[in-house]
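Results of the structural survey
The residues making up each chain are set out below.
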Amino acid sequence: MSPPAPAPHTLQVESSESSTFKRLDLLIGDKRPVVALLAGISVVNATCEAIFLASIAQVAASLVGRHHGKNIGFHRGPINIDSPPHTILLVAGALALIRLLLQWPLSSLPARISADVQAGLRKRLFRAYVHASWEIQSRDREGTLQETMSSQATQATGGALQATTLITASLNFLIVMVFAVLLNPLAAALVMVLAIVTFMILKPMRALGAKRARELSASQVRYAGGVAEANRAAEETHVFGVGDAQLARISEFIDVTRDRFYRSSMLLKLVPNVYQSMIYLLLVATMFVIDQQTTSNGGSIGAVVLLLVRGAQTGGSIQATYQGLQQSLPFIDRLENTGKRYSDNKVREGGSELVTISSLGFENVSFEYNPGRPVLEGVTFEVAEGEAIGIVGPSGAGKSTLVQLLLQLRPPGTGRYLVNREPLEDFRRDDWYRLIAYVPQEPRLLHATVADNIRFYREISEEEVERAAKLARIHDDITTWSSGYQTVVGPRADAVSGGQQQRICLARALAGHPRVLVLDEPTSALDPNSESLIQESLTSLRSELTMFTVAHRISTLDICDRVMVILDGRLVAFDTRAQLKQSNDYYRRASTIAAGAPDGLLPELR
């Protein structure tokens, strides 16, 4: 029985400005020293620009006034200039050259910070996923993890890039406004105050932008899930001729995402553009103020105008980057929430060493996906090392859930799982993984070589790979393929038969020398030759390891020492085949019907 579909995860985003910077600090994390370096370089760059603009304005005023060759005198606050124009121009040229050289670190540092943040986000998320329980992993809809680690992570990384731009733009704005204050305090103060007021007025639009970004994030996840499902069902889509219906379904996802992308992008552009236009109106008012000040000379007027215009441009950049930062927060939150969900459900790690498995069993184990609806109830048994155990029962009886509990993919709801008569959770996970293996009913191959499919990310020698292939009765087939063990198989690669795929998966399970092997009916969908080869392989392994086999064919039970009968979530019988034929009505009827059926399949009886 499969678990019920999970409820969609809601994304909660705080709206306060302090929350924005708090989450931003968590995002940047250990990049603070690089950010501090970037801030320092930005101050130098902004200072050079402000002095450059003031100097150019003074020289321009001198040239307009036809004061060729005369020293330019300018004394305001800490600025004290009394030099000929060519000297000032040389200084301005040097400042421009310094700014040119600073563009490399000003460009490379934000890019490096963003790249590192993106990689860190993806690594942390996948690390949390890998160490989360399978129970939590299995609740994710298809495509959710891929979408979260790809486009969601990319858009979350935009927050880091926007943050670095916000830092540099803010420092630039402050430096420019400081110099503007020195030149014309009243005009600069007026622009500063009105810029802050305008920034606050636009706050509702920024909040709306964050809301639109949340909607976009959710629609992208749904779209990715739909595409993943369509890709998995491509074969059936062709067979049933439902391509147009599939297209209509995906098109609906695309249209919703397009609409939300439009709304989000429009606000991302609209808010800073409105801000900058409002600032230009304020600059006109400021010019009226300057016009009333008869004591100002042409050079200082030109300088303050240049600085205020530059300040307005920088203010627009601040608004744009802050708006972008706000709209990246939903993506940051989705990554953080997803990672936290995985981390909060990390698999419990025991401390005891597990060298071998001499026995395992359940003690009054029950399990339920939904409260009050048990899938397994009061299951108790013990299996000794070397036994071959069959598991039979109708669909929905709880066989798949029993297998998941045997593999420790799910913990028992109540009761205990005992290994060597000790609680399994007390043992180290790595020891458990080393001693148990699994062959699913549906073989899952990697897009990789046959050898790598058998290794399955483990350090296993070529000799051990070949040994496992021989045990699985697939070695002779592999040697006939064009590249032998280097033949690439898997999804969308060289086609191998279902029986060959199943035997490759069996070789994968045997390559690590397991002590317990769990098989979810490895022969139910195979041709007689493939079934015979797998049965031959399993027979050769009897007594070398403990086997649990979910059986749908009567022939699969031939190698079993004992058979479990599962009905309605209860272990109603557990005995030898001969004894079950005498004592258990379900087994007797099912085996009699299966023995006379052409395919040997056990029937769906109650």
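Residues numbered from 1 in each chain as written. Predicted model: local features only at pLDDT ≥ 70, side-chain atom pairs only at ≥ 80, totals over all residues. Heavy atoms only, no water.

1. What to know about the overall build of the chain
Selection rule: Numbered from the N terminus, helices here are DSSP runs of H or I no shorter than four residues, and strands are runs of E no shorter than two. Each residue is assigned to one of three classes by its accessible area relative to the maximum for its type, calculated with a 1.4 Å probe on protein chains only: buried under 20%, partly exposed between the two thresholds, exposed over 50%. In this analysis, two residues are considered to be in contact whenever any of their non-hydrogen atoms come within 4.5 Å of each other. Only the protein chains shown count as cover for residues, and the accessible areas themselves come from Shrake-Rupley with a 1.4 Å probe.
Tallying secondary structure elements over the chain gives 19 helices and 14 strands in all. In the chain, which comprises 606 residues, the proportion classed as buried is 48%. Of all intrachain contacts in the chain linking residues separated by at least 6 positions in sequence, the fraction that spans at least 24 positions is 77%. Put simply, the chain shows about 29400 Å² of open surface, and 58% of that area lies on carbon and sulfur atoms.

2. Describing helix H11 (residues 399-406)
Within H11, seven of the eight residues are buried, leaving the element largely enclosed by the surrounding structure. Three or more residues of H11 are buried, namely Lys399, Thr401, Leu402, Val403, Gln404, Leu405 and Leu406. In the segment just after H11, glutamine 408 is the residue with positive phi, at about 65°.

3. Some thoughts on the sheet that holds strand E11 (residues 516-520)
What counts, and what does not: Pairs of strands are assigned from DSSP output, requiring at least two bridges between the strands. Orientation is described by axes fitted as lines to C-alpha atoms, over the contacting stretch for helices, and by angles from 0 to 180 degrees between their N-to-C directions.
Taken in spatial order, the six strands line up as E8-E11-E12-E5-E13-E14 in an open sheet, and their pairing is mixed. Each edge of the sheet is formed by a strand with only one pairing partner; in this case those strands are strand E8 (436-439) and strand E14 (570-575). When strand polarity is set aside, the average angle formed by the axes of neighbouring strands in this sheet is 15°. In the sheet, strand E13 (residues 562-567) pairs with E14 via five bridges, with the strands oriented antiparallel. Considered in E14, the bridge of methionine 564 is made with phenylalanine 574.

4. Here we look at the nonpolar core
The line we're drawing: Residues belong to one nonpolar core when they are buried, are Ala, Val, Leu, Ile, Met, Phe, Trp, Tyr or Cys, and are joined through side-chain atoms within 4.5 Å.
Among the nonpolar cores identified, the biggest contains 48 residues, and Val392, Ile454, Leu506, Leu517 and Leu557 are the most heavily contacted of them. Ranked by the residues each element gives to this core, the list is headed by helix H16 (residues 498-510), at six residues. Among the nonpolar cores identified, the runner-up in size contains 34 residues, and Tyr369, Trp432, Val550 and Phe574 belong to it.

5. What to know about the confidence of the model for the chain
So the rule is basically this: On a scale of 0 to 100, pLDDT captures the predictor's confidence in every residue.
This prediction gives the chain a mean pLDDT of 81; 83% of its residues lie at or above 70. Every residue in residues 1-16 scores below 50 in pLDDT, and together they form 27 contacts with partners more than four places removed in sequence or on other chains.

6. A word on the environment of histidine 552
Mapped onto the elements of the fold, histidine 552 is located in the loop between strand E12 (546-550) and E13. Between the alpha carbons of histidine 552 and valine 392 there is a distance of 7.1 Å; along the sequence they are 160 residues apart.

7. Focus: the pattern of salt bridges
Going by this rule: Each salt bridge in this description consists of a side-chain nitrogen of Lys or Arg and a carboxyl oxygen of Asp or Glu lying within 4 Å of one another.
The full count for this structure, using the stated rule, is 27 salt bridges. Salt-bridge contacts for glutamate 385 lead to arginine 515; the nearest nitrogen and oxygen are separated by 3.3 Å. Of this pair, glutamate 385 sits in the loop between strand E4 (373-384) and strand E5 (388-392) while arginine 515 sits in the loop between H16 and E11, placing them 130 residues apart in sequence. Assessed through its relative accessible area of 40%, glutamate 385 is described here as partly exposed. Judged by relative accessible area, arginine 515 falls into the partly exposed class, the value being 24%. Residue aspartate 477 is joined to arginine 503 by a salt bridge in which the shortest nitrogen-to-oxygen separation is 3.4 Å. Placement of the pair is aspartate 477 in helix H15 (residues 475-480) and arginine 503 in helix H16, with a sequence separation of 26 residues. A network of salt bridges, in which partner residues are shared, links Lys31, Arg112 and Asp116.

8. Some thoughts on the pairing of E13
The buried fraction of E13 amounts to five of the six residues, a majority that puts the element mostly inside the structure. With four bridges connecting them, E5 and E13 associate as parallel partners. Looking at the pairing, isoleucine 391 lines up with methionine 564 of E13. Connecting E13 to the antiparallel partner E14 that follows it, the hairpin turn spans two residues, and aspartate 568 within it adopts a positive phi of roughly 50°.

9. Side note on the environment of threonine 401
Convention followed: Polar contact criterion, stated in full: a pair of N or O atoms within 3.5 Å, where within protein one must be able to donate a hydrogen and the other to accept it, and residues adjacent in sequence count only if both atoms are side-chain atoms.
Along the chain, the position of threonine 401 falls in helix H11. Residues threonine 401 and valine 375, spaced 26 residues apart in sequence, show a C-alpha to C-alpha distance of 7.6 Å. Within polar-contact distance, the side chain of threonine 401 engages the side chain of tyrosine 369 at 3.0 Å.

10. Observations regarding the sheet that holds E4
Read from one edge of the open sheet, four strands run E4-E3-E6-E7, paired in antiparallel fashion. Of all strands in the sheet, those bounded by a partner on one side alone are E4 and strand E7 (422-423). By the bridge criterion, eight bridges tie strand E3 (residues 359-370) to E4 in an arrangement that is antiparallel. Bridge assignment links leucine 360 to a residue of E4, and that residue is valine 383. Sitting on the sheet, H11 touches E3, E4 and strand E6 (414-419), and the angle it makes with E3 is about 125°.

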